[in-house]
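Residues per chain are reported as follows:
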Amino acid sequence: MPTTVRAAVCREFATPLTVEHLTLADPGPGEVRVRVDAVAICHSDVSYADGEWGGDLPAVWGHEAAGQIVEVGDGVGFDVGERVVVTLIRSCGECSRCQRGAEVACGERFALDRLTPLSDADGRPIDQGMRTGAFAEQVIVHASQIVPIDEDIPAASASLLACGVITGVGAVLNTAQVAPASTVVVLGCGGVGLNVVQGAALAKADTIVASDPQVAKLDLAIHLGATHAVDPMTDDITTAVDELTGGRMADYVFIATGAPAALASAERLVGTMGAIVVVGMPATGVAGQFDPGALAARNQRILGSKMGTSVIARDIPRLVSRYHDGGLELDGLVSRRFTIDEINEAMDEVRSGAALRNVIVFDHGGG
Ligand SMILES: [Zn+2]
Ligand SMILES: [Zn+2]
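Residues numbered from 1 in each chain as written. Chains lettered and ligands numbered in written order. Predicted model: local features only at pLDDT ≥ 70, side-chain atom pairs only at ≥ 80, totals over all residues. Heavy atoms only, no water.

Quick look at the nonpolar core now. In this structure, Phe-135, Leu-161 and Phe-254 are the most contacted members of the largest nonpolar core, which totals 107 residues. Mapping this core onto the domain boundaries places at least three of its residues in each of domain 1 (3-153 + 330-361) and domain 2 (169-305). The contact partners of Phe-254, leaving out residues within four places of it in the chain, are Ala-171, Val-172, Ala-176, Val-178, Val-184, Val-185, Val-186, Leu-187, Val-196 and Val-277. Ranked by size, the runner-up nonpolar core spans 17 residues in total, among them Leu-187, Val-230, Val-241 and Ala-250. (Core = buried A, V, L, I, M, F, W, Y, C linked by side-chain atoms within 4.5 Å. Buried < 20%, exposed > 50% of the residue type's maximum accessible area, 1.4 Å probe, protein only. Domains from an automatic or database assignment. Contact = heavy atoms within 4.5 Å.)

Right under this line is the structure:
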């Protein structure tokens, strides 16, 4: 039987989301229905809702979720009742990209890619935004999108593992494979950038320079393992990195902001043999410039990193154990909790940069 769920729907870009009752289809083969306990608001949700990236409307966004399996389709190797993280990474495990460890770039088309499981009260289809649609009491996702977690991690903290944490930490450990004792610069200390800082600390980088115009975020970066913090409004980061490295400059520069100026500054900050790693998501059409001659002469690399090149079944359990042994901060990254009816206020705080991660929590009553 299809299920009725309350969900926050985007019917027109740059207007408030409306909380409506939607119909959620039954899970098909290989799919699961998950009761959402917590869903974090990512900057991507705001970018989509503001119309920066286009996409089909009406839609339900939300892609950083944690919850509990309530129904499984045929051929699913998970059980009802299991607690899981729900991600947007839907993968076949068999195509050439999956085989190369890039599930994030899986080329397979799934039944859920062809037909949304969501429809409104009039029976009209509602797009499942970012393959998840988790601004809703329940979701239908492909089983490849979920990873079981233990009972000891709170749902709000666990939800962050679905996007911000794997994107940031994975950019360091998977995409760039930062070597111990490296010098790492992180431009932008939002939800992703702070997790790049955490990843650099896990990779045992010696020098981790965090840069952000918001002092509160710099303080958090230091708490998470940054060795130096630079406020670009008052200090010149190029000078700072030059002094810290004796002129060698950084081994890795992570761009964790959508600001177009970051690419230009990254080029000045990266040293010989260094890598620029682009993890920020600027608006569609934003372009950067670089000097190809200098890039070649200095043997440098520019790397794109989508979702931290994560293999979620491998990476999320590792991150959960680091959380339990104190090596990974999650609880402190949650700014505030909201109900689904307060989602527009929660989105506004993310839009303004005031919040790190606001989380929508659901009270399902009785369980
Ligand atoms: Zn996200
Ligand atoms: Zn694949």
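A word on helix α12 (residues 343-351). Where α12 is concerned, the buried positions are Ile-343, Ala-346, Met-347, Glu-349 and Val-350. With its buried residues spanning 160° around the axis, α12 presents them on a single face. Of the surrounding elements, those touching the buried residues of α12 are β1 (3-9), α1 (43-49), β17 (334-338) and β18 (357-361). (Helix = DSSP H or I, 4+ residues; strand = E, 2+ residues; numbered from the N terminus. Arc of directions from axis to C-beta.)

Time to look at the coordination of the zinc ion (ligand 2). Metal coordination angles have textbook ideals: 109.5 degrees for a tetrahedral set of four donors and 90 or 180 degrees for an octahedral set of six. For the zinc ion (ligand 2), every protein donor is listed as Cys-92 (SG), Cys-95 (SG), Cys-98 (SG) and Cys-106 (SG), and the spread of their distances is 2.3 to 2.4 Å. What the four donor atoms of the zinc ion (ligand 2) show is an angle range of 105 to 118° at the metal, which sorts the shape as tetrahedral. Linear spacing of the donor residues for the zinc ion (ligand 2) on their chain is C-x2-C-x2-C-x7-C. Separated by 11 residues along the polypeptide, Cys-95 in the loop between β6 (83-86) and α2 (96-99) and Cys-106 in the loop between α2 and α3 (111-114) bring together distant segments of the chain. Neither residue differs from the other here; Cys-95 and Cys-106 are each classed as buried. (Donors = N, O, S within 2.8 Å, 3.2 Å for Na, K, Ca; no water. Tetrahedral: all angles 85-135°; square planar, octahedral: opposite > 155°, others 65-115°.)

Below, the discussion takes up the pairing of strand β11 (residues 183-187). The buried count for β11 comes to five of five residues, which makes it a mostly enclosed element. Neither face of β11 is exposed, since Thr-183, Val-185 and Leu-187 on one face and Val-184 and Val-186 on the opposite face are all buried. With five bridges connecting them, β11 and strand β12 (residues 207-211) associate as parallel partners. Its bridge partner being in β12, Val-185 is matched across the sheet by Val-209. Tracing the backbone out of β11, into helix α6 (residues 193-202) and back to the parallel element β12 gives a crossover that is right-handed. Here β11 runs beside strand β14 (residues 250-255); their pairing, made up of four bridges, is parallel. Each bridged residue has a counterpart across the sheet, and for Val-185 the counterpart in β14 is Val-253. (Pairing = 2+ DSSP bridges. Right-handed = clockwise from strand over helix to strand, strands pointing away.)

Right, let's talk about the domain arrangement of the protein for a bit. Taken domain by domain, the protein holds domain 1 (3-153 + 330-361) and domain 2 (169-305). If you average the C-alpha positions of domain 1 and of domain 2, the two centres end up 29 Å apart. The interface is formed by eight residues belonging to domain 1 together with 14 residues belonging to domain 2. Contact between domain 1 and domain 2 buries roughly 780 Å² in total, counting both sides, with carbon and sulfur atoms accounting for 59%. For domain 1, the biggest contributors to the area lost against domain 2 are Trp-53, Leu-333 and Leu-356; these three give 58% of the whole. The tally of links from domain 1 across to domain 2 stands at zero salt bridges. Linking domain 1 with domain 2 are two residue pairs in polar contact (both at pLDDT 80 or more), by the criterion used here. In the side of domain 1 that touches domain 2, the residues fall into four nonpolar, two polar and two charged. (Buried area = accessible area lost by both parts, 1.4 Å probe. Salt bridge = Lys/Arg side-chain N within 4 Å of Asp/Glu carboxyl O. Polar contact = N/O pair within 3.5 Å; in protein donor to acceptor, adjacent residues only side chain to side chain. Nonpolar A, V, L, I, M, F, W, Y, C, P; charged D, E, K, R; others polar.)

Before going further, it helps to examine the sheet that holds β14. Read across the open sheet, the six strands follow the order β13-β12-β11-β14-β15-β16; overall the sheet is parallel. Only two strands of the sheet have a single neighbouring strand rather than two, namely β13 (228-230) and β16 (301-304). Averaged over all pairs of adjacent strands, the angle between their axes in this sheet comes to 20°, without regard to strand direction. Relative to β14, helix α5 (residues 164-176) is tilted by about 130°, and along the sheet it contacts β14, β15 (270-278) and β16. Strand contacts of helix α7 (residues 215-223): β12 and β13, with the helix running at about 165° to β13, the strand carrying the most contacts. (Axes fitted to C-alpha atoms, helices over the stretch in contact; angles between N-to-C directions.)

With distances of 2.0 to 2.3 Å, the protein atoms coordinating the zinc ion (ligand 1) are Cys-42 (SG), His-63 (NE2) and Cys-163 (SG). Counting the intervening residues between successive donors of the zinc ion (ligand 1) yields the motif C-x20-H-x99-C. With Cys-42 in the loop between β3 (31-40) and α1 and His-63 in the loop between β4 (59-60) and β5 (64-72), the pair connects residues that are 21 residues apart, well separated along the chain. His-63 carries the same exposure label as Cys-42, and that label is buried.

The next subject is unusual backbone geometry. In this chain, Leu-57 is followed by Pro-58 through a cis amide linkage whose omega measures -10°. Of note in the backbone geometry, Ala-181 takes a positive phi value of approximately 70° without being a glycine. Mapped onto the fold, Ala-181 is located in the loop between α5 and β11. Positive phi, normally seen in glycine, also occurs at Thr-309, with a value near 45°. Locating Thr-309 in the fold gives a position in the loop between β16 and α11 (312-324).

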